[in-house]
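# Commentary on secondary and tertiary structure
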Amino acid sequence: MSLAEQNITLWGDDIPWLAGLREKGLIAFNKSGLPTAKTEAWKYSFKAVGQTENLQIDASAHECDGHCHHQCDLPFEAYQIHFCDGKLHGEHFDLPQGVSLKPLVEAIYDGDVKPYLNKSFDTENFPFAALNTAYLEQGFMLIIERGIVVDKPIFIRYHTEHNTDTFNNIRNIIVVESRAKAEIIEFFDGDSTGNFNNVVNEIFLAADSSLRHYKLQSESALTRHISFNSVQQKSNSSYKCFVAQKECILARHESYIKLLQEGAFAEVNGIYKLNENGVSDITTNIRHLAPHTTSNQLVKGVVDGHAKGVFQGQIHIAPEAQQTEGYQLHRALLLSDSGEVDCKPELEIFADDVKCSHGATCGDLDKEQLFYMQSRGINSEDARRILIEAYLQEVLNKIDNIEVAEWIKAQF
Amino acid sequence: MSEPILEIKNLSATVADKEIIKNLNLTINPGEVHALMGPNGAGKSTLSYILTGKPGYEVTGGEVMFCGKNLLAMKPDERACAGLFLSMQYPVAIPGVATNNFLKHALNAKRKYEGLPELDAAEFLKILRTEAKNLNIGADMLKREINVGFSGGEKKRMEILQMSLLKPSLAILDEADSGLDIDALKLVADGVNKLHNENNALLIITHHLDLLNHIQPDIVHIYADGHIVKSGDKSLAIELEKSGYKTFVDAE
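Keep in mind the model is a prediction, meaning the values are calculated, not measured.

Moving on, we get to the interface of chain B and chain A. In this complex, chain B contributes 28 residues to the contact, which on the side of chain A involves 16 residues. Taking both partners together, chain B and chain A bury about 1,800 Å²; carbon and sulfur atoms supply 68% of that area. Put simply, chain B and chain A have two salt bridges between them. The shortest N-O distance in the salt bridge between Arg376(A) and Glu159(B) comes to 2.5 Å. Where chain B meets chain A, there are eight residue pairs in polar contact (both at pLDDT 80 or more).

Bringing the sheet that holds strand 6 (residues 84-87) of chain B into the picture now. All names here are of chain B. Strand order in the open sheet formed by six strands is 6-7-8-3-9-10, with mixed pairing between adjacent strands. Across the chains shown, the open sheet's two edge strands, defined by having one partner strand only, are strand 6 and strand 10 (227-232). The sheet shows a mean angle of 20° between the axes of neighbouring strands, taken without regard to direction. Examined bridge by bridge, strand 6 and strand 7 (residues 170-174) share four bridges and lie parallel to one another. Note on strand 7: the bridge partner recorded for Phe85 is Ala171. Against the sheet, helix 1 (residues 44-52) contacts strand 3 (33-37), strand 6, strand 7, strand 8 (201-206) and strand 9 (219-224), and its axis sits at roughly 145° relative to strand 6.

The next point concerns the pattern of salt bridges. Counted by the stated rule, this structure contains 25 salt bridges over all chains. Residues Lys102(A) and Asp112(A) are paired through a salt bridge, measuring 2.8 Å at the closest nitrogen-oxygen approach. Of this pair, Lys102(A) sits in strand 3 (residues 99-103) while Asp112(A) sits in the loop between helix 3 (104-110) and helix 4 (127-134); the two residues are 10 residues apart in sequence, bridging distant segments of the chain. A residue is classified by how much of its surface remains accessible, and Asp112(A), at 29% relative accessible area, is partly exposed. One salt bridge in this structure joins Lys110(B) and Glu114(B), with 4.0 Å as the shortest N-O distance. You can call Lys110(B) buried: its relative accessible area is 9%. Its relative accessible area of 46% is what places Glu114(B) among the partly exposed residues.

This part takes up the sheet that holds strand 19 (residues 354-363) of chain A. All names here are of chain A. Overall, mixed pairing links the 10 strands, which are arranged 2-1-5-7-9-11-13-15-17-19 in an open sheet. Each edge of the sheet is formed by a strand with only one pairing partner; in this case those strands are strand 2 (87-88) and strand 19. One ladder, built from six bridges, connects strand 5 (residues 154-159) with strand 7 (residues 181-189); its direction is parallel. Residue Arg157 lies in a different strand from strand 7, and its bridge partner there is Phe187. Running over the sheet, helix 6 (residues 380-396) touches strand 11 (238-245), strand 13 (265-274), strand 15 (294-303) and strand 17 (324-334) and is turned about 165° from strand 15. Sitting on the sheet, helix 7 (residues 402-411) is in contact with strand 5, strand 7, strand 9 (210-217) and strand 11, with an inclination near 15° to strand 9.

The next thing to look at is helix 7 of chain A. Residues and elements named next belong to chain A. Those residues of helix 7 that sit buried are Val404, Ala405, Trp407 and Ile408. An end-on view of helix 7 places all buried positions within 165° of arc, on one side of the element. Across helix 7 from its buried face, at more than 90 degrees, point the exposed residues Ile402, Glu406 and Ala410. Looking at the packing, one finds that the buried side of helix 7 touches strand 5, strand 7, strand 9, strand 11 and helix 6. Residue Asn401 occupies the N-cap position of helix 7, its side-chain oxygen lying 3.1 Å from the main-chain nitrogen of Glu403.

With that settled, the discussion passes to the pairing of strand 1 (residues 6-15) of chain B. Residue and element names in this part refer to chain B. When strand 1 meets strand 4 (residues 57-66), the two strands line up antiparallel, connected through eight bridges. Its bridge partner being in strand 4, Ser12 is matched across the sheet by Gly61. As paired elements, strand 1 and strand 2 (residues 18-28) share seven bridges and run antiparallel to each other. Looking at strand 2, one finds that Leu6 is bridged to Ile28. If you look at the hairpin formed by strand 1 and strand 2, you'll find two residues sitting between the two strands, and Ala16 has a positive phi there, around 50°.

A separate point is the side chain of Asn269(A). Residues and elements named next belong to chain A. Along the chain, Asn269 falls in strand 13. When its relative accessible area of 3% is taken as the criterion, Asn269 is described as buried. A distance of 3.0 Å separates the side chain of Asn269 from the side chain of Glu267, its partner in a polar contact. Polar contacts involving the side chain of Asn269 include one to the main-chain amide nitrogen of Leu298, which spans 2.9 Å.

Attention now moves to unusual backbone geometry. Look at Gln323(A): it is not a glycine, yet its phi comes out positive at around 55°. Considering the arrangement of structural elements, one finds Gln323(A) in the loop between strand 16 (308-317) and strand 17. Here Gln323(A) falls in the partly exposed class, since its relative accessible area comes to 43%. Here Lys167(B), not a glycine, exhibits a phi torsion of approximately 45°, which is positive. In this structure, Lys167(B) sits in the loop between helix 6 (152-166) and strand 7.

Next up on the list: the packing of aromatic side chains. All names here are of chain A. Taken as a whole, this structure holds 19 aromatic pairs over all chains when the rule is applied. On the numbers, 4.8 Å between centres and 10° between planes, the contact of Phe83 with Tyr158 is stacked. Taken together, the positions of Phe83 in strand 1 (residues 79-84) and Tyr158 in strand 5 put the pair 75 residues apart, joining distant regions of the chain. Of the two residues, Phe83 and Tyr158, both sit in the buried class. Put simply, the rings of Trp42, Phe128, Phe167 and Phe196 touch in pairs and so form one group of aromatic residues.

Rules used in this analysis
Residues numbered from 1 in each chain as written. Chains lettered and ligands numbered in written order. Predicted model: local features only at pLDDT ≥ 70, side-chain atom pairs only at ≥ 80, totals over all residues. Heavy atoms only, no water. Contact = heavy atoms within 4.5 Å. Buried area = accessible area lost by both parts, 1.4 Å probe. Salt bridge = Lys/Arg side-chain N within 4 Å of Asp/Glu carboxyl O. Polar contact = N/O pair within 3.5 Å; in protein donor to acceptor, adjacent residues only side chain to side chain. Pairing = 2+ DSSP bridges. Helix = DSSP H or I, 4+ residues; strand = E, 2+ residues; numbered from the N terminus. Axes fitted to C-alpha atoms, helices over the stretch in contact; angles between N-to-C directions. Buried < 20%, exposed > 50% of the residue type's maximum accessible area, 1.4 Å probe, protein only. Arc of directions from axis to C-beta. Phe/Tyr/Trp six-rings, centres within 6.5 Å; stacked < 30°, edge-to-face > 60°.

Encoded structure:
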């Protein structure tokens, strides 16, 4: 069974617009097919997608037998939402006034998802997002209402335990209305041995709103994980994303951000650490489409063994986007001869009054620093560990919520 | 007589195939303060790096015993834990590592080596504060990343703070006086003097007499072209200050 020919029945195939949308997704995917060496946005990581013939979407209803823990033990307070093996758990969620979350199917049934669903990107350009559209069913719609400041982070755990080759297709719609503020944390974990996550988040930030988006990818090393984050930002909105990726067959985090109106600010920072033969891919495309917009990117990685770290960063500045600023820096520690780091900055600047920069470095640990530590009695293994921690700390320091930063660090 | 702390016998070493230490002999006993003086490029710092085990130097002959152990067979961290300390001429900055954290790792590494339990944060801070106060190092400086943006004087005081925490049997001070004003020099010298006792020893590498006016040497060695050309008491250093190295180097 190929990914394009799943023999399943999805909820809502009798809703014409939904069926039409799914059809559109499937056509787009069939047209592009799986990424190859010629797919520019996938040129360094297409191989890690691997075999997809045996992948199956589990379209059965979610019946939780209680095998998964629905509350994560966290060192900070949070509103918790859970996916078990790719399915949203529960129908009613404990959330404060002004914050609503409903399963995607319910939002489709109610029709309130219509202005947002698949509105932030073009399926033809993103093969896995097209596939995600073809199998729309699982996921949620989260709305932070106008002026609401959510007091605690909203913690979304995606926990997988199944051991069959399963394709988890999840679509979330996140709407932050004007002057609203929220923090979301996505946590992917579990010891599934055949899991392929294909997550699409469509995020809409209204004027003067703010979203802090933290993500920790901490699944089994046998996981494949693709996450596409399409963000649309109105005037003076602020989106700060921090992504942390650990060892697995493929972990790809793609940010596709449109700064649509003046004063919009976006930041994508990240860290990754690979020890054996995993692939981490952080791909960004930040599109400055209005004047006075700003973006920052800082990604640092550590690559050992036969692993591969990929960073592709595109900054597009439209002709009308004068007085914008876009900064990007990727740095990697390459600790072995057989590891690989690929970095591809792409700056497309069509305006003349802009400040833009990009940079990339790749190297081993500093020998003088290592010796200095050893000369103080710290053994080489500990010294290396401390230096690697310090290397990544610079990015962790950019997380606004210190408790969350410490939690990520402790898990990493 | 008790066992020497350091015993260097016929040591020769190269760096990048260039012979830089030639048949060097030096014995340091407990309680002694030795000064090693010599012109630039004589290989004084090289000696300190070979003793502490910095990679990149090749020992081509001779042996070094440290408190009865074969020093050259030990890893750099083992040498440090066994009681060898080098106050570096150019201490290394490590962005991302807070000074107090670095110091805690170092002290606990030594305690672990000695079979003592590691100190927890509170116990460590108590010790650290006491030692830091003696060197006029405030809490702010301890929170900063180690040696990052430190002034010359701050770096040297930080080296002495590490020495005071680790309490080495032999401390090599490689130009501990360079870049210091008179007050800072006195602070560093007082710190070192406070740590010196009959059971440990100091090897002071310097160009100048200044530091030796604050830390009294028992033996002064003139070091040139990879080995010791003359040894004597402090009067040798005073003579050197008057006549310069040339007399000694040429006389050889």
